[in-house]
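This is what each chain is made of:
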Amino acid sequence: MYGELGLFIDGAWRKSGGGKGEDVINPATEKPLARLPHASKADLDEALESAKQGFAIWRATSAYDRCKIMHKAADLMRERHDAIAKIMVLEQGKPYPEARGEVIVSADIIDWYAEEGRRSYGRIVPGRGKGVRQLVMQEAIGVVAAFTPWNFPVLTPARKVGGALAAGCSLILKASEETPGACVEMVRCFADAGLPKGVLNLVFGVPSEVSEHLLTKDAVRKISFTGSIPVGKHLAQLAAKSMKRTTMELGGHSPVVVFADADPEKAADTIAAFKYRNAGQVCISPTRFYVQEDVYPRFLKRFTEYAKGVKVGDGLEKGVAMGPLANARRLDAMDAFVADAKDRGGKIQTGGTRRGNQGYFYEPTVITDVPDDSKIMTQEPFGPLAPVVTFKTFDEVVERANSLEFGLAAYAFTTSSTTAAAISDALESGMVGVNSIAISTPETPFGGVKESGHGSEGGIEGLGAYLVTKFISQG
Ligand code: NAD
């Protein structure tokens, strides 16, 4: 079921020139799935040379023709979704329905960008002098280096590949070494759809070595990174040395504010299912729950019941709602969050431990009575932990919700339209869901503020991220 892995450089699959590599591990069994080759420096240089040539070809291809190839690739992704989703479950751990949904949405993203690329309009500005024509043009930025993480092995590459290709850019994509297989299959769809060679290159390696090698090269004009804040800051510094543009989709610590006028059971049902999606390893996962005192007992009861009922297991088993964590690092991180919460007076309502001793399984966990300065309330958990605490007033909860350096996503539940407007204005966040968790669609901008990063993916903003503006004055 798990396919052969390789690097895709200059339109051909290859093993590494250097012979180095690593094993890909199934997080449900801790057993190796396949050997992943790493790119040597020579491989990276070839990918770069190929991307330069690919850019020359692709920027000269009409948006109409680019669109046709992208649609074909999206169709192939849909046709092959079952096989791609199963590979994703094996390497990443998420349940099959989530993996299947991810592949289908990723195809939608490619389709949406394919169409939007045809609407990359400039404008004509009336000149001051007689006969002067002033044109504002949108041009493809150039070769893109894209780095994607392990939590969404196809969705995060699809956002970057879709935006860049629609704009007329070529890419070198370094996907996650821990979850390479599904991305390999996505790239195969583009190759089989007839994408000219060099337009999309896929490499793997030691992340810091690959990024440092590529970011020092003049030909790379844009960096798009999804991952942790420390790595994002490091890459932004490297990019600044040669003034490369960046899009940074970094971590979050999303507050959920449940007001007393909301239906607490309905709010709990909506947000609990969202919490344990991908075992909480989602940058927009709800991670700090502030519930107004009057409805706190009802919300907590329903939320905890939900957590207790989540079926944990191998993502390929029917009925499983939560798979293992993606790697052993996350297990250690969960133990550290829980230990700190307990030390600080936190009460574990359910979960709080690893499940079994094979596979990186962890219990869906609910924690109460934790202080605002505890680890779980201040550091991104990136796992199935839900701290639930109370608040009294609007101003108080806004201050607490905005107190961290993160600003990616936030959620609120209320039946008052006045409160809905006030809380969505007050939260310092790139995305706000009010009575809604639908904050990530192909058509809408996805991105953070504060240390959660800058730039958006999705929406017209996602296309604009790969375009530069040129002004032409013609007398
Ligand atoms: P990490 O910081 O080591 O790595 C995060 C991602 O960045 C990985 O995909 C990794 O391959 C990549 N990376 C690391 N160093 C790099 C470098 N020098 N150049 C290019 N890429 C590099 O952390 P981790 O243990 O893999 O994940 C833990 C934390 O990362 C989580 O707690 C979460 O905050 C964050 N994360 C965020 C997202 C997201 O969607 N924003 C995704 C995955 C991880």
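From a predicted model like this one, the values you see are computed outputs, not experimental measurements. Within any chain, residue numbers begin from 1 and follow the written order of that chain's sequence. Local features are withheld for residues below a pLDDT of 70 in this predicted model, meaning they are given only at 70 or higher, and side-chain atom pairs are given and counted only at 80 or more; totals for whole chains, interfaces and linings count all residues. For side-chain calculations, the full set of non-hydrogen atoms in the structure is used, while hydrogens and water are omitted.

Q: How do you make sense of the site of the ligand when you look at a structure like this?
A: Nearness is defined per residue: one heavy atom within 4 Å of the molecule or strand is enough. Around the ligand there are 22 residues in total, and W150, S211, S228, R329 and E380 lie nearest to it. In the model, a nitrogen atom of the ligand is placed 3.4 Å from a nitrogen or oxygen of the P207 main chain. Between the ligand and L250 there is a distance of 3.3 Å, counted from a nitrogen atom to a backbone nitrogen or oxygen. In this description, accessible areas are obtained by the Shrake-Rupley approach with a 1.4 Å probe, and a residue is regarded as covered only by the protein chains that are shown. Bound to the protein, the ligand loses 84% of the 800 Å² it would expose on its own. For the shell around the ligand, the secondary structure elements donating two or more residues are α7 (207–215), β10 (220–226), α8 (229–240) and α11 (328–343). Nitrogen and oxygen atoms within 3.5 Å of one another constitute a polar contact, given that in protein one can donate a hydrogen and the other can accept it, and given that sequence-neighbouring residues count only through two side-chain atoms. Helix and strand labels come from DSSP, where a helix needs a run of H or I of at least four residues and a strand needs a run of E of at least two; each type is numbered from the N terminus.

Q: Is there a simple way to think about the domain arrangement of the protein chain in this case?
A: A common way to state how big an interface is: give the accessible area lost once the parts meet. For every domain, the bounds stem from an assignment made automatically or drawn from a database. Per the domain assignment, the segments making up the protein chain are domain 1 (7–250 + 450–474) and domain 2 (254–434). When each unit is reduced to the centre of its C-alpha atoms, the spacing between domain 1 and domain 2 is 31 Å. Between domain 1 and domain 2, the contact holds 25 residues from the first and 32 residues from the second. Accessible surface is computed with a 1.4 Å probe, and the buried area is the amount of it that two parts give up when combined, taken over both parts together. When the two sides are added together, the surface that domain 1 and domain 2 hide from each other amounts to roughly 2300 Å², 55% of it contributed by carbon and sulfur. Interface area lost by domain 1 to domain 2 is led by E30, W150 and K450, which between them contribute 25%. By salt bridge we mean one thing: a side-chain nitrogen of Lys or Arg within 4 Å of a carboxyl oxygen of Asp or Glu. Our count for the contact surface shared by domain 1 and domain 2 stands at 3 salt bridges. Taken together, the connections running from domain 1 to domain 2 amount to 16 residue pairs in polar contact (both at pLDDT 80 or more). Whether two residues are in contact is decided by their heavy atoms, any of which lying within 4.5 Å being enough.

Q: Help me out: how do you make sense of the sheet that holds strand β13 (residues 286–292) in this one?
A: Whenever strands of a sheet pair, they do so through backbone hydrogen bonds, lying parallel or antiparallel. Any two strands are treated as partners once DSSP identifies two or more bridges connecting them. Strand order in the open sheet formed by 7 strands is β14-β15-β16-β13-β12-β17-β18, and the pairing between neighbours is mixed. Two strands lie at the open edges of the sheet, namely β14 (347–350) and β18 (431–434), each paired on one side alone. Averaged over all pairs of adjacent strands, the angle between their axes in this sheet comes to 25°, without regard to strand direction. As defined by bridge partners, β14 adjoins strand β15 (residues 365–368) across 3 bridges and the pair is classed as antiparallel. Within the sheet, the bridge partner assigned to I348 lies in β15 and is I367. The axes used here are C-alpha line fits, helices contributing only the stretch in contact, and every angle between their N-to-C directions lies in the interval 0 to 180 degrees. Seen against the sheet, helix α9 (residues 264–275) touches β12 (254–258), β13, β16 (385–391) and β17 (409–413) and runs at an angle of roughly 165° to β13.

Q: Just checking my understanding: could you explain the pairing of β18 for this structure?
A: Here is the key point about a regular strand: its side chains alternate between the two faces of the sheet. Side-chain alternation along β18 places M431 and G433 on a buried face and V432 and V434 on a face that remains uncovered. Two strands pair when backbone bridges link them, and β17 and β18 are joined in this way by 4 bridges, in the parallel orientation. Counterpart to A410 in the pairing with β18 is V432. Assignment of crossover handedness uses the view with strands pointing away from the viewer, where a clockwise path from the first strand over the helix to the second indicates a right-handed crossover. Taking the sense of rotation as the criterion, the β-α-β connection linking β17, helix α14 (residues 417–426) and β18 turns out right-handed. Here's how the labels work: a residue is buried when its accessible area is under 20% of the maximum for its type, exposed when over 50%, partly exposed in between, all with a 1.4 Å probe on protein chains only.

Q: Help me understand the packing of helix α4 (residues 96–116) against helix α5 (residues 155–167) in this model?
A: How two helices pack is summed up by the angle between their axes together with the distance between the axes. Between α4 and α5, the shortest axis-to-axis distance is 8 Å and the interhelical angle comes to 10°. Relative to α5, the element α4 is oriented roughly parallel. Contacts between α4 and α5 pair E102, V105, S106, I109, I110 and Y113 from the former with L155, A158, R159, G162, G163 and A166 from the latter. Each residue is assigned to one of three groups, with Ala, Val, Leu, Ile, Met, Phe, Trp, Tyr, Cys and Pro labelled nonpolar, Asp, Glu, Lys and Arg labelled charged, and all others, Gly among them, labelled polar. Here the contact of α4 with α5 is built from residues that sort into 7 nonpolar, 3 polar and 2 charged. Convention used here: angles under 35 degrees read as roughly parallel, angles over 145 as roughly antiparallel, angles from 65 to 115 as roughly perpendicular, and any remaining angle as oblique.

Q: What is the right way to look at the environment of D314 in this model?
A: Inspection of the secondary structure puts D314 in the loop between α10 (296–309) and α11. A relative accessible area of 26% places D314 in the partly exposed class. The spacing of D314 and M88 is 226 residues in sequence and 12 Å in space, taken between C-alpha atoms.

Q: Help me out: how do you make sense of the pattern of salt bridges in this one?
A: Where side chains of opposite charge bring their charged atoms close, a pairing between them can arise. This model, assessed by the stated rule, comprises 32 salt bridges. R78 is the salt-bridge partner of D108, the closest N and O atoms lying 3.3 Å from each other. Placement of D108 in helix α4 and of R78 in helix α2 (residues 63–79) is noted, with a sequence separation of 30 residues between them. Judged by its relative accessible area of 36%, D108 is partly exposed. Overall, the relative accessible area of 25% leaves R78 in the partly exposed class.

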